[in-house]
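One letter stands for each residue in the lines below.
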Amino acid sequence: MALCMQFLHVIVAGNDRQWGVFFPAAGNYNGTTLNNRGTNGNYWASTLNSSTNGRNLNFNSSGVNPQNNNNRFNGFSVRAVQHLPTALLFDKVEDKEDSMAYVLTRKALILDLYAAFECARRHKSNRPYVQHFARNLRKNLESLADDLLNHTYKPEPSTVFIVERPKKREVFAAQFRDRVVHHLYYNYTHALFERTFIQDTYSCIPGRGTHYGIDRLDTHIRKESRNYRYNCYAMRLDKRGYFMHINRNKLLKITYGTLNRMRTHKVEKGGSATWETYLDFDFLLWLSKEIIMLDPKKNCRIVGTVKDWKDLDHNKSLFYTPDGCGLPIGNLTSQLLSNVYLNVFDQFMKRVLVCRHYGRYVDDSYVVSRSRTWLLSIIPKIRAFLRDTLGLELHMGKLHIINVRNGVEFLGGFVKPYRTYITNASIGRMVKNISALDMSDSDGVFRSVNSFLGTLVHYSSFNIRCEAFMTPQILGVSTFTSDMTKMNKPLYIHN
């Protein structure tokens, strides 16, 4: 058995071989709150302990309890996510003294690289490049582990192309081998970095996505306006060409500072273990530099023609950024490190300007206050901080101060007093996608429509759901529940 902070690896004896079962540290739900993701695992057994309690497997950074007992009200995981023959990795898996220890070993790194490989191939198993890598999985993981441990790892040239939806963007896609490294870095560091973020940082954090961000904006408005009894204003802020103007030297300095500061912090409140007990910080500091200081334009492979870039704003392209600036949109590490970069700005907003009601999703942020005059007064301070500390520019064309009674648009939602709608732009994209569905593919229609409904149920949208989906074409595939929250599974699946 091997235990690390992200998962439990159990060796199970078979007839003539051993199998490994991975139990990710998925955390647990208590009501609607997700707790301890990345540090604790809870898996229900099939055995009841009482009418209210059940047996479960529990593990965390300090040990494993296969006979734990807990209230059945809690939301625990119910099954393992992946199993594999351990011979794919190495002949023997040692205990957690070797796996993800302070000094990273080759065996531990191969195990962690396998977990990263599983993350990187999720929903992409049928892609040729994934199958090519998996065909010689052990050899590829061992070679990658050796390159990383010997500090000879160098990312391969990226592929760059233009996407048109939901809006025109330039995307640099890393090779699959490098994506495995990105997931390795994320698995090692995201819990540590997230510990330093404010509650109202929303992007690239499990359980804190767009719907959470919209709900938090609504909460901040209600608190500041005393449930709309007082006049209140929301100021929307945006940074011009954010990803293209991240200064990589500044980001590396901020990342180094965060890692070095957190290495002696406790992993859990009340516990004695520190982050350096579980993470090889020398390895992480080196890998941070390799990832951050990469110039994605170097030897990149361009897919498409020059015409594809014709209408793209230069502030949205790495080909026009200043030297030493820009992170490639499309890399997992770019999403994570962009939060690390703007965490400096978040701390400034909360601790220096004392913005009680502030939130941010990537580079899109808001401040809520009853005083419009005060909101106007902090704009020069915000502009100066972004320019002098982070080398960024506040986009004055997208700065708006809105009376909250008129509604505030944020992350595809439109927050109005006592209700939240989906924006017209989001509805338009959804209608366009619905019209493009192949109605002869019943299973595809079922999955797509339920995906749309899963988004719409977060808003006041019953009439919109009826109008969009109660059409003869869609009803010819299947019916809906009475509250229009789910499409019933078709009786016949057309291939």
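Computed from a predicted model, the values in this text were never measured in an experiment.

Describe the overall build of the chain, and please don't skip the residues or the numbers.
A count of helical and extended segments in the chain gives 13 helices and 19 strands. Counting over 495 residues, the chain shows a buried share of 49%. The long-range share in the chain, meaning contacts at least 24 apart out of those at least 6 apart in sequence, stands at 64%. For the chain, the accessible surface area stands at approximately 24,700 Å², while carbon and sulfur atoms represent 50% of it.

Outline unusual backbone geometry, supporting the account with residue identities and numerical values.
The residue Cys204 is not glycine, and still its phi comes out positive at about 55°. When its relative accessible area of 25% is taken as the criterion, Cys204 is described as partly exposed. Of note in the backbone geometry, Met484 takes a positive phi value of approximately 60° without being a glycine. With respect to the element layout, Met484 can be found in the segment after helix 13 (472-475).

Talk me through the environment of Leu342; I want residue IDs and the actual numbers.
Checked against the element boundaries, Leu342 lands in helix 8 (residues 332-352). Sequence separation between Leu342 and Phe197 is 145 residues; the distance between their C-alpha atoms is 9.5 Å. Other than its neighbours up to four places away in sequence, Leu342 contacts Lys239, Tyr242, Arg360, Val362, Asp363, Leu390 and Leu392.

Describe the sheet that holds strand 13 (residues 301-302), and please don't skip the residues or the numbers.
Across the sheet, three strands lie side by side as 11-10-13; this open sheet has mixed pairing. Edge strands, defined here as strands with exactly one partner in the open sheet, are strand 11 (169-173) and strand 13. Strand direction decides the pairing type here: strand 10 (residues 159-163) and strand 13, joined by two bridges, are parallel. Paired with Thr159 across the strands is Arg301, a residue of strand 13.

Please give an account of a positive patch on the surface that cites residues and values.
Where like charges cluster on the molecular surface, the positive patch consists of Lys167, Arg169, Lys316 and Arg429. Relative to the elements of secondary structure, Lys316 occurs in the loop between strand 13 and helix 8.

Tell me about the side chain of Ser461, and name the residues and values.
Tracing the backbone shows Ser461 in the loop between helix 11 (442-456) and helix 12 (462-469). Overall, Ser461 belongs to the buried group, its relative accessible area being 3%. In this structure the side chain of Ser461 is engaged in a polar contact, spanning 2.6 Å, whose partner is the backbone oxygen of Leu456.

Could you give me a rundown of the nonpolar core, with the residues and numbers involved?
Counting residues in each nonpolar core, the largest one holds 87 residues, and the members touching the most others are Leu148, Met235, Phe283, Met349 and Ile382. The dominant element in this core, judged by the number of residues it contributes, is helix 4 (residues 176-196), at ten residues. Not counting residues up to four positions away in its chain, the partners in contact with Met235 are Ser365, Tyr366, Val367, Leu375, Ile378, Ile379, Ile382, Leu399, His400 and Ile401. In this structure, Phe410, Leu437, Leu453 and Tyr459 belong to the second largest nonpolar core, which totals 31 residues.

Describe in detail the packing of aromatic side chains, supporting the description with residues and values.
Inspection of the entire model under this criterion finds 18 aromatic pairs. Between Phe117 and Phe176, the aromatic rings sit 6.0 Å apart at their centres with planes inclined by 90°, giving edge-to-face as the arrangement. Taken together, the positions of Phe117 in helix 1 (residues 106-120) and Phe176 in helix 4 put the pair 59 residues apart, joining distant regions of the chain. Note on accessibility: Phe117 and Phe176 belong to one class, buried. An angle of 85° between the planes, with centres 5.2 Å apart, marks the rings of Tyr366 and Phe410 as edge-to-face. With a gap of 44 residues between them, Tyr366 in strand 15 (residues 364-369) and Phe410 in strand 17 (residues 408-410) connect regions that are remote in the sequence. For the residue pair Tyr366 and Phe410, the accessibility class agrees, reading buried in each case. Among the aromatic residues, ring-to-ring pairing joins Tyr114, Phe117, Tyr129, Phe133 and Phe176 into one connected group. Directly above the ring of Tyr230 sits Arg370, whose terminal nitrogen or CZ lies 4.6 Å from the centroid.

Go over the sheet that holds strand 17 with me, naming the residues and quoting the values.
Taken together, the three strands give an open sheet; going across it, the order is 17-18-19, and neighbouring strands pair in antiparallel fashion. Edge positions in the open sheet fall to strand 17 and strand 19 (419-422), since each of these has one partner strand only. This sheet shows a mean twist of 25° between the axes of neighbouring strands, independent of strand direction. Direction of pairing for strand 18 (residues 413-416) relative to strand 19: antiparallel, over a ladder of four bridges. Residue pairing in the sheet places Gly413 in a bridge with Ile422 of strand 19.

Criteria and thresholds
Residues numbered from 1 in each chain as written. Predicted model: local features only at pLDDT ≥ 70, side-chain atom pairs only at ≥ 80, totals over all residues. Heavy atoms only, no water. Helix = DSSP H or I, 4+ residues; strand = E, 2+ residues; numbered from the N terminus. Buried < 20%, exposed > 50% of the residue type's maximum accessible area, 1.4 Å probe, protein only. Contact = heavy atoms within 4.5 Å. Areas by Shrake-Rupley, 256 points an atom, 1.4 Å probe, with all protein chains shown as cover. Pairing = 2+ DSSP bridges. Patch = residues over 30% accessible without salt bridge, like charges linked within 9 Å, V, L, I, M, F, W, Y side chains within 5 Å. Salt bridge = Lys/Arg side-chain N within 4 Å of Asp/Glu carboxyl O. Lys, Arg positive; Asp, Glu negative; His and termini not counted. Charge placed at Lys NZ, Arg CZ, Asp CG, Glu CD. Polar contact = N/O pair within 3.5 Å; in protein donor to acceptor, adjacent residues only side chain to side chain. Core = buried A, V, L, I, M, F, W, Y, C linked by side-chain atoms within 4.5 Å. Phe/Tyr/Trp six-rings, centres within 6.5 Å; stacked < 30°, edge-to-face > 60°. Lys NZ or Arg CZ within 6 Å of the ring centre and 35° of its normal. Axes fitted to C-alpha atoms, helices over the stretch in contact; angles between N-to-C directions.

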